[in-house]
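This is what each chain is made of:
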Amino acid sequence: MTSNHTDCHYCLQSLRGRKYALREENAYCVRCYDSLFANSCEECKQPIECDSKDLAYKGRHWHEACFKCAKCNRSLVEKPFAAKDELLLCTGCYSDEYSSKCFHCQRTIMPGSRKMEFKGSSWHESCFVCQHCQQPLGTKPLITKDNENYCVPCYEKQFAHHCYSCKKVITSGGVTYHDQPWHKECFLCAGCKAQLSGQRFISKDEHPYCEDCFGRLYAKKCAACKKPITALGGAKFVSFEERQWHEECFNCAKCSVPLADLGFLTQGNDVVCHRCGSA
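Being a predicted model, the structure only gives us computed values, none of them experimental. (Residues numbered from 1 in each chain as written. Predicted model: local features only at pLDDT ≥ 70, side-chain atom pairs only at ≥ 80, totals over all residues. Heavy atoms only, no water.)

This part is about the overall build of the protein chain. When its secondary structure is counted, the protein chain shows five helices and 20 strands. The globule rule puts the C-alpha radius of gyration for 279 residues at 19 Å, and the 46 Å found for the protein chain is more than 25% above it. Each principal axis of the C-alpha distribution contributes one length, and for the protein chain these read about 150 × 40 × 30 Å. Split into buried and exposed, the 279 residues of the protein chain put 30% on the buried side. Sequence-distant contacts in the protein chain: of pairs separated by 6 or more residues, those separated by 24 or more amount to 11%. With an accessible surface of roughly 18700 Å², the protein chain has 46% of that area assigned to carbon and sulfur atoms. Looking at the protein chain, you have 37 positive and 32 negative side-chain charges, and the mean spots of the two groups are 4 Å apart. (Helix = DSSP H or I, 4+ residues; strand = E, 2+ residues; numbered from the N terminus. Rg over C-alpha atoms; globule rule 2.2 N^0.38 Å. Buried < 20%, exposed > 50% of the residue type's maximum accessible area, 1.4 Å probe, protein only. Contact = heavy atoms within 4.5 Å. Areas by Shrake-Rupley, 256 points an atom, 1.4 Å probe, with all protein chains shown as cover. Lys, Arg positive; Asp, Glu negative; His and termini not counted. Charge placed at Lys NZ, Arg CZ, Asp CG, Glu CD.)

Turning our eyes to something else, we now look at unusual backbone geometry. Even without being glycine, Asp179 reaches a positive phi, approximately 60°. With respect to the helices and strands, Asp179 occurs in the loop between strand 11 (175–177) and strand 12 (180–182). The class of Asp179 is exposed, set by a relative accessible area of 75%. The phi angle at Asp205 is positive, at roughly 50°, despite the residue not being glycine.

The subject of this paragraph is the pairing of strand 5 (residues 81–84). As judged from the four bridges shared by strand 5 and strand 6 (residues 87–90), these two strands associate in the antiparallel manner. Each bridged residue has a counterpart across the sheet, and for Ala82 the counterpart in strand 6 is Leu89. (Pairing = 2+ DSSP bridges.)

Next up on the list: the UniProt feature "domain: LIM zinc-binding" (unreviewed entry) in the protein chain. Feature annotation in UniProt assigns "domain: LIM zinc-binding" (unreviewed entry) to the following positions: residues 39–99, 100–161, 162–219 and 220–279. Between the C-alpha atoms that bound residues 39–99 there is a distance of 32 Å. The span itself is 11% helix and 26% strand. Spanning residues 162–219, this segment combines 12% helix with 24% strand, and its end C-alpha atoms are found 33 Å apart. (UniProt positions renumbered as here; feature names shortened; annotations may be inferred.)

Now for the environment of Glu206. Looking at where Glu206 falls in the secondary structure, it is placed in the loop between strand 13 (201–204) and strand 14 (207–210). Here Glu206 falls in the exposed class, since its relative accessible area comes to 60%. As for Glu206 and Tyr177, which are separated by 29 residues in sequence, their C-alpha atoms are 9.0 Å apart. Here Glu206 is in contact with Tyr177 and His178, once residues within four sequence places are set aside.

What the rule picks out here adds up to zero disulfides. Cysteine Cys69 is unpaired, with the sulfur of Cys72 as its nearest cysteine sulfur at 3.6 Å. Cys69 sits in the buried class, given a relative accessible area of 1%. (Disulfide = S-S within 2.5 Å.)

Further remarks concern helix 1 (residues 30–37). What helix 1 keeps buried is the set Cys32, Tyr33 and Asp34. Elements that come into contact with the buried residues of helix 1 comprise strand 1 (20–23) and strand 2 (26–29).

Here we take up the packing of aromatic side chains. A complete count under the given rule lists 22 aromatic pairs for this structure. Relative to Phe201, the ring of Phe187 lies with its centre 5.3 Å away and its plane at 80°, an arrangement referred to as edge-to-face. Of this pair, Phe187 sits in the loop between strand 12 and strand 13 while Phe201 is found in strand 13, placing the two residues 14 residues apart along the sequence. Phe201 gets classed as partly exposed once you look at its relative accessible area, which sits at 30%. Taken together, the aromatic side chains of Tyr164, Tyr177, Trp182, Phe187 and Phe201 make up a single cluster linked through ring pairs. One Lys or Arg, Lys145, reaches over the ring of Phe159 and ends 5.1 Å from the middle of that ring. Above the ring of Tyr164, the side-chain terminus of Lys167 is found at 4.9 Å from the ring centroid. (Phe/Tyr/Trp six-rings, centres within 6.5 Å; stacked < 30°, edge-to-face > 60°. Lys NZ or Arg CZ within 6 Å of the ring centre and 35° of its normal.)

Printed below as a string of structure tokens:
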């Protein structure tokens, strides 16, 4: 450009008929401007003269001809690129070297495209979908089965157990009784409705009962102590005619000697050992 300014602000030489550059309203000859203000090119380390195009990225500068991919040397001018360890790479080279592979389709996830991360693997956003309904999962709650991801409604519909009592989904834990799943809070005594999960119980006609209810409703009573005789804990009992005894209650009515492994006699409603019966 030609100038109405008469002298270079730095070297004071005349600018008449010469090119110059302005900085903060001061005029400089090209040589002074380049030596004072020109940026150094990251690639060739030479000054970027005032009549050259200066390409800048994150505080660094390049000649237009030096702004190239560090791997394939193709120009990056007006093209998308990525930076890695201060190197500039075209999207193709960056993808080959550093981009993740989609866990689903095994294709490269290109720089700038959105990707989803889950359990240490990466997906294209369009590949991260429910295996059943094919709707995007995004950040929705999900459940994984056999390396496939499902939204919660589809998983429950396809795989979850439903409580035999309330018919609702069992999300964790639960009890199995007669090959049927139950919520712990739904597994109740058929008599008193007390929770039986973790408790001893007795089955009757495919219904569970706590020991107290079973004894009250169904168990035979010991002829000696009058308490129910149940099978819980492998309890042993003695049966004679139409009466039953806990093994520990089957004793001589007179001397209290245990009769379970001995012969015995009856005297009215009592059972006695041979010695007491012969006295």
